[in-house]
Amino acid sequence: MNCIDDARVEFDISSVEKVFRTPKTVLQDVDAFWREETAYEMAVGWSPPGYPVHIGGFREKVEELAKQPLEEREQNPYFRFAKTLTDSITRIRSDGLSHICSYLPRESKMVSTIYLACFIFLGKDEPQFVPSAFIYGGSSCLNVTSDQWGFNENRALNEIIHELYHNGYETHQIQCPLKDEMSTRPLFAHILWQLHNEGMATYVAYKAQHLFPKDNDEDYAMLENPSEVSRLLGNVKKLIRDASTELPTDVKEGVIQVGISERAFYVAGAHMASIIEDKAGKNALIESVTKGPKHFLESYNAHVSSNEQIPL
């Protein structure tokens with residue numbers, strides 16, 4: 001098997017088309033739409049503990065569309081942006097997949113549908129967060145109405161590189177999701193998995209900017225700032241230490257807030273990946289995908305000073 005030769009990647013815009021072209025039909029049974037449309041079913045399954053999907057926010061946006069004539073909805077900037085992205089699939093299949101596979105073992109599987117969605121919000125009582133993209137069940141979902149994109153095709157394609165890398169990574173490392181109830185050992189494993197998985201995906205997408213530029217990205221700006229890297233490495237160290245000494249319920253909140261929302265897993269993990277590639281070469285970085293998160297951390301520790309190391 002060869003990662004690039006056997007890759008199959010496609011876009012699915014069908015859910016976005018239903019929302020913009022037939023909003024009244026969607027509104028007849030919004031709950032059924034979220035159960036039956038793959039992109040939205042993925043969002044429900046992926047949503048982190050404590051931050052469920054906010055279907056009310058979705059319904060409100062679709063109600064606004066239903067008041068507009070079809071011609072106006074067809075020209076909606078979000079709908080036009082979604083169609084622009086689907087037209088870019090050849091760029092992903094050529095340069096994008098070549099770049100991704102260069103950071104994966106040859107036997108990695110790269111078979112994925114990228115589902116486009118719109119108006120996905122997270123929050124219990126009100127729409128608090130707008131996820132930009134995520135992977136669930138081996139496929140990726142991109143929320144075209146996220147402000148993250150600014151209707152910039154390359155920004156979204158750079159994020160797709162990130163999400164597709166997860167797909168290849170999971171050929172070798174089983175998912176280790178955060179759950180409502182977790183004991184100490186699974187929570188510790190989750191932290192290391194997040195650090196490796198998100199760190200590698202962030203680093204590979206960062207290195208893809210010559211193909212898909214992503215200007216003014218907060219993660220990349222922090223990755224290029226030594227003081228921010230040091231701060232976020234410290235946050236990761238604390239999470240790992242707390243996983244051994246604190247109640248899992250307390251640590252879980254830190255995982256969501258510090259590791260994900262404040263980007264410690266993404267930026268610190270990407271820095272670790274850059275150190276491994278710089279000091280030991282790309283093959284050593286690829287080897288970590290096969291051997292797993294603990295090996296990734298140990299490999300990083302072997303190439304930095306004691307005060308930069310992340311103790312287990």
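Our subject is the structure listed above.
The paragraphs below set out a description of the structure included in this document. Because the structure is a prediction, the values reported are computed rather than measured.

1. Quick look at the packing of aromatic side chains
Inference 1: Summed over the entire model, instances satisfying the criterion amount to 14 aromatic pairs.
Inference 2: Judged by centre distance (5.3 Å) and plane angle (70 degrees), the ring pair of Tyr51 and Phe129 falls under edge-to-face. You can see Tyr51 sitting in the loop between helix 4 (38-46) and helix 5 (55-66) and its partner Phe129 sitting in the loop between strand 2 (111-117) and strand 3 (133-136), a full 78 residues away along the chain.
Inference 3: On the basis of relative accessibility, which here comes to 22%, the residue Tyr51 falls in the partly exposed class.

2. Comments concerning the state of the cysteines
Inference 1: The final tally for this structure, using the stated rule, is one disulfide.
Inference 2: A disulfide bridge connects Cys3 with Cys101, and the sulfur atoms are separated by 2.1 Å. Judged by the sign of its S-S torsion, about -65 degrees, the cystine formed by Cys3 and Cys101 is left-handed. Placement of the pair is Cys3 in the segment before strand 1 (8-12) and Cys101 in helix 8 (residues 89-101), with a sequence separation of 98 residues. We note that Cys3, like Cys101, is buried.
Inference 3: Not engaged in a disulfide, the cysteine Cys141 finds its nearest cysteine sulfur in Cys118; these two sulfurs lie 9.6 Å apart.
Inference 4: For Cys141, a relative accessible area of 1% corresponds to the buried category.

3. A look at the sheet that holds strand 1
Inference 1: Read across the sheet, four strands follow the order 1-2-4-3 without closing on themselves; strand pairing throughout is mixed. Two strands bound the open sheet, and with one partner strand each, they are strand 1 and strand 3. Sheet twist, expressed as the average angle between the axes of neighbouring strands with direction ignored, equals 20 degrees.
Inference 2: Two strands pair when backbone bridges link them, and strand 1 and strand 2 are joined in this way by five bridges, in the parallel orientation. Following the sheet pairing, Glu10 is matched in strand 2 by Thr113.
Inference 3: Lying on the sheet, helix 7 (residues 77-86) is in contact with strand 1, strand 2 and strand 4 (139-143); it crosses strand 2 at an angle near 165 degrees.

4. Examining the nonpolar core
Inference 1: By size, the foremost hydrophobic cluster in this structure holds 101 residues, and its most contacted members are Val19, Tyr40, Phe58, Leu116 and Tyr165.
Inference 2: Contacts of Tyr40, omitting those with residues within four sequence positions, involve Ser15, Val19, Phe33, Trp34, Phe58, Ala117, Cys118 and Ile120.

5. Structural notes on the packing of helix 10 (residues 184-206) against helix 16 (residues 293-301)
Inference 1: Running from N to C, helix 10 and helix 16 point in directions that differ by 75 degrees, and their axes come no closer than 8 Å. Taken together, the axes of helix 10 and helix 16 are roughly perpendicular relative to one another. Residues Leu192, Trp193, Leu195, His196 and Met200 of helix 10 form the contact with helix 16, whose own contacting residues are Pro293, Phe296 and Leu297.
Inference 2: Across the contact of helix 10 with helix 16, the residue classes break down as seven nonpolar, one polar and no charged.

6. What about the layout of surface pockets?
Inference 1: Computed from the structure, the largest pocket encloses a volume of approximately 1,300 Å³.
Inference 2: If you go around the largest pocket, you meet 43 residues; those closest to its centre are Trp46, Ala133, Ile260, Arg263 and Tyr266.
Inference 3: Secondary structure elements with two or more residues in the lining of the largest pocket: helix 4, strand 3, helix 9 (153-169), helix 10, helix 11 (218-223) and helix 13 (248-261).
Inference 4: The class makeup of the residues in the lining of the largest pocket is 19 nonpolar, 14 polar and 10 charged.

7. Describing the pattern of salt bridges
Oppositely charged side chains are able to pair whenever their charged atoms sit close together.
Inference 1: All chains considered together, the criterion is met by 12 salt bridges.
Inference 2: Among the salt bridges present, the one from Glu74 reaches Arg21, with a minimum N-O distance of 2.9 Å. Within this pair, whereas Glu74 is found in helix 6 (residues 70-74), its partner Arg21 is found in helix 1 (residues 14-21), the two being separated by 53 residues in sequence.
Inference 3: Arg21 gets classed as partly exposed once you look at its relative accessible area, which sits at 34%.
Inference 4: One salt bridge in this structure joins Glu159 and Lys214, with 3.0 Å as the shortest N-O distance. Taken as a pair, Glu159 in helix 9 and Lys214 in the loop between helix 10 and helix 11 lie far apart in primary sequence, 55 residues in all.
Inference 5: Classification of Glu159 as buried rests on a relative accessible area of 10%.
Inference 6: It is possible to trace a salt-bridge network through shared partners that takes in Glu17, Arg21, Glu74 and Lys83.

Cut-offs used in this document
- Residues numbered from 1 in each chain as written.
- Predicted model: local features only at pLDDT ≥ 70, side-chain atom pairs only at ≥ 80, totals over all residues.
- Heavy atoms only, no water.
- Phe/Tyr/Trp six-rings, centres within 6.5 Å; stacked < 30°, edge-to-face > 60°.
- Helix = DSSP H or I, 4+ residues; strand = E, 2+ residues; numbered from the N terminus.
- Buried < 20%, exposed > 50% of the residue type's maximum accessible area, 1.4 Å probe, protein only.
- Disulfide = S-S within 2.5 Å.
- Pairing = 2+ DSSP bridges.
- Axes fitted to C-alpha atoms, helices over the stretch in contact; angles between N-to-C directions.
- Contact = heavy atoms within 4.5 Å.
- Core = buried A, V, L, I, M, F, W, Y, C linked by side-chain atoms within 4.5 Å.
- Parallel < 35°, antiparallel > 145°, perpendicular 65-115°, else oblique.
- Nonpolar A, V, L, I, M, F, W, Y, C, P; charged D, E, K, R; others polar.
- 1 Å grid on protein atoms, 1.4 Å probe; cavity = no way out; pocket = protein on both sides within 12 Å on 5 of 7 lines; lining within 4 Å.
- Points joined across faces, edges and corners; volume = space filled by probe spheres on them.
- Salt bridge = Lys/Arg side-chain N within 4 Å of Asp/Glu carboxyl O.

Honestly, that's just the spatial picture; any functional story needs more than this.
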